[in-house]
Amino acid sequence: MTLGPRYAKIDDTKDKIMTKVFDATKFRKSITKSIQGLGIGFSDPTDWISTGNYALNYLMTSDFNKGIPLGKVTVLAGESGAGKSYIASGNIIKNAQEQGIFVILIDTENALDEKWLQALKVDTSEDKLLKLSISMIDDVAKTISEFMKGYKEAHADDKEGAPKVLFVIDSLGMMLTPTDVNQFEAGDMKGDLGRKPKALTALVRNCVNMFGSWNVGLIATNHTYASQDMFDPDDKISGGQGFIYASSIVIAMKKLKLKEDEDGNKVSDVRGIRAACKVMKTRYSKPFESVQVKIPYETGMNPYSGLVDLFEKKGVLVQTGNRLKYIDKAGKEHIDFRKQWVGDKLDMLMADFTESTDFADKEQVPAVEVAEVTETKPKAKTKKAEPIIEKE
């Protein structure tokens, strides 16, 4: 079968049409001059701060060593005593300081004591940490806006070399609006539930736009309340849904009692908490996965906590009687009791799992390419198609 003259004409001009490429140079220059603060190109995160727990890091970013990114907004939400401040104001600040990142801590609850932070190995010196006690949403917004304005002006000529800064807000739920303050002073305790969600949403959205591709990030804690929906039992995050849409990572935390000693033996008294962490939103991994992280009162969080359960869910560790078995890439079997899977053994699992995952990603064929191959297969002639070809 031969193509008609119409198809032949299209085939002759195909190469000429495809060779014309749009030159966006002039367009880039014009919009850069006309729109202030315009960002062109991608701004993928280059700096990550660990949460202090390998399992939680992996659920958030698919990397055991990467926790929260600079240039984005992360929210830890949970009930009182669930470990939000321990991770945000403790572990993350400590790890950020170790990476040379300056931290601005905004304490809206007026509850973060210097001794408590120092006990978590946070450097409270002025050259490493700036602590601000602010309770008004408007004041927090003004503080961040004024900082970013001066920051961009000072480093406009050397964006990549600008110092790295992390804002920590603990917490969003305790911030007040001007209406709250005015009503309290007047003895009117109606509250301001209408304006507060809008103000929180505006705060987070503006932070996302201001940070952009700069070396500045934000992590905030927030409160949750029990769900009244029997078909959706997950705790609800206070402050509305608006700021959740603007956040890159949202973690919901729930407090459970830890009744174990240092060796993992069951005891009757409470020795700490088990923070049940569920990834509600993430742009770097699969959402809605969860892990329980143990935080003993005496020793604090173990960075390996939750890894054994994670590897069991992934099928890396397999239950064999009352022990767990792992077969390494060389085919060697490793069988030990649950309590013996610690330290170096878990380091081996993380290294092997990361290597196998990277290899699988490289070997995997993109779904788009498969679809294109399927669509280009020759189709059988149909009675409807034949008259069309003859007419052409």
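To be clear, the structure that these remarks concern was listed above.
Residues numbered from 1 in each chain as written. Predicted model: local features only at pLDDT ≥ 70, side-chain atom pairs only at ≥ 80, totals over all residues. Heavy atoms only, no water.

Participant: Talk me through the packing of helix 6 (residues 137–154) against helix 8 (residues 195–211); I want residue IDs and the actual numbers.
Facilitator: Where helix 6 meets helix 8, the axes come as close as 10 Å, and the angle between the chain directions of the two elements is 10°. Taken together, the axes of helix 6 and helix 8 are roughly parallel relative to one another. Two secondary-structure elements touch here, helix 6 through Ile137, Asp138, Val140, Ala141, Ile144, Ser145, Met148 and Lys152 and helix 8 through Arg195, Lys196, Ala199, Leu200, Leu203, Cys207, Met210 and Phe211. Looking at the contact of helix 6 with helix 8 residue by residue, the class counts come to 11 nonpolar, 1 polar and 4 charged. (Axes fitted to C-alpha atoms, helices over the stretch in contact; angles between N-to-C directions. Helix = DSSP H or I, 4+ residues; strand = E, 2+ residues; numbered from the N terminus. Parallel < 35°, antiparallel > 145°, perpendicular 65-115°, else oblique. Contact = heavy atoms within 4.5 Å. Nonpolar A, V, L, I, M, F, W, Y, C, P; charged D, E, K, R; others polar.)

Participant: Got a sec to walk through the packing of aromatic side chains? Specific residues and values, please.
Facilitator: Under the defined criterion, the tally for this structure stands at 11 aromatic pairs. Taking 6.2 Å as the distance between ring centres and 65° as the angle between the ring planes, the aromatic pair formed by Phe64 and Phe353 counts as edge-to-face. Here Phe64 is found in the loop between helix 3 (54–61) and strand 2 (68–69), whereas its partner Phe353 is found in helix 11 (residues 343–363), with 289 residues between them in sequence. Comparing Phe64 with Phe353 shows no difference in burial state: the two are buried. Centre to centre, the rings of Phe311 and Phe353 are 5.9 Å apart; their planes meet at 70°, and the pair counts as edge-to-face. A residue pair is termed long-range when its members are at least 10 positions apart, and Phe311 in helix 10 (residues 307–313) and Phe353 in helix 11 qualify at 42 residues. Taking relative accessible area as the criterion, Phe311 reaches 0% and is therefore assigned buried. Of the residues examined, Phe353 reaches a relative accessible area of 14% and is grouped as buried. A cation over an aromatic ring shows up here: Lys159 above the ring of Trp214, its NZ or CZ 5.0 Å from the ring centre. When the ring centre of Phe337 is taken as reference, the NZ or CZ atom of Arg323 above it lies at 5.8 Å. (Phe/Tyr/Trp six-rings, centres within 6.5 Å; stacked < 30°, edge-to-face > 60°. Buried < 20%, exposed > 50% of the residue type's maximum accessible area, 1.4 Å probe, protein only. Lys NZ or Arg CZ within 6 Å of the ring centre and 35° of its normal.)

Participant: Tell me about the nonpolar core, and please be specific about residues and values.
Facilitator: Judged by nonpolar contacts, the single largest core of 52 residues is most densely connected at Leu166 and Phe311. No other element matches the 6 residues that helix 4 (residues 84–98) contributes to this core. Not counting residues up to four positions away in its chain, the partners in contact with Phe311 are Phe64, Val316, Leu317, Leu346, Leu349, Met350 and Phe353. Grouped together as the second largest cluster of nonpolar side chains are 33 residues, Ile104, Val140, Trp214 and Ala220 included. (Core = buried A, V, L, I, M, F, W, Y, C linked by side-chain atoms within 4.5 Å.)

Participant: Give a detailed account of the sheet that holds strand 12 (residues 318–320), specifying residues and quantitative values.
Facilitator: The antiparallel open sheet is built from 3 strands, whose spatial order is 12-13-14. Of all the strands in the sheet, just strand 12 and strand 14 (333–336) have a single pairing partner and so form its edges. Neighbour-to-neighbour, the strand axes of this sheet turn through a mean angle of 35°, independent of strand direction. Both strand 13 (residues 323–327) and strand 14 contribute to a ladder of 4 bridges, which runs antiparallel. What sits directly across from Leu324, in strand 14, is Asp336. (Pairing = 2+ DSSP bridges.)

Participant: Describe the environment of Cys207, and please don't skip the residues or the numbers.
Facilitator: Here Cys207 is to be found in helix 8. For the pair Cys207 and Leu218, spaced 11 residues apart in sequence, the C-alpha separation works out to 7.9 Å. In contact with Cys207, not counting residues within four places along its chain, are Val73, Ile144 and Leu218.

Participant: Which residues make up the environment of Trp341, and what are the values?
Facilitator: Topologically, Trp341 is positioned in the loop between strand 14 and helix 11. Spatially, the C-alpha atoms of Trp341 and Leu307 are 9.3 Å apart, while their sequence positions differ by 34 residues. Each residue touching Trp341, except ones within four places of it in the same chain, is listed here: Val308, Leu317, Leu324, Tyr326, His334, Asp336, Leu346, Met348 and Leu349. Only 3.3 Å separates the side chain of Trp341 from the backbone oxygen of Asp336, close enough to count as a polar contact. (Polar contact = N/O pair within 3.5 Å; in protein donor to acceptor, adjacent residues only side chain to side chain.)

Participant: Residue-level account of the pairing of strand 6 (residues 165–170), with values.
Facilitator: Each regular strand shows side chains that alternate between the opposite faces of the sheet. Counting buried residues along strand 6, 6 of its 6 residues qualify, which places the element largely inside the surrounding structure. Every second residue of strand 6 is oriented toward a common face, with Val165, Phe167 and Ile169 on one face and Leu166, Val168 and Asp170 on the other, all of them buried. Note: strand 6 against strand 7 (residues 216–225), 5 bridges, orientation parallel. Paired with Val168 across the strands is Ile219, a residue of strand 7.

Participant: Any chance you could break down helix 8 for me, citing the residues and the numbers?
Facilitator: With 17 residues, helix 8 extends 24 Å between its outermost C-alpha atoms, agreeing within 8% with the 24 Å of an ideal straight helix rising 1.5 Å per residue. Within helix 8 the residues assigned to the buried category are Lys196, Ala199, Leu200, Thr201, Leu203, Val204, Cys207, Met210 and Phe211. Those residues of helix 8 hidden inside the fold are in contact with strand 3 (73–78), helix 6, strand 6, strand 7 and helix 9 (242–246). Backbone geometry just after helix 8 places Gly212 at a positive phi near 50°. (Expected span 1.5 Å × (residues − 1).)

That's the geometry; what it means functionally is another story.
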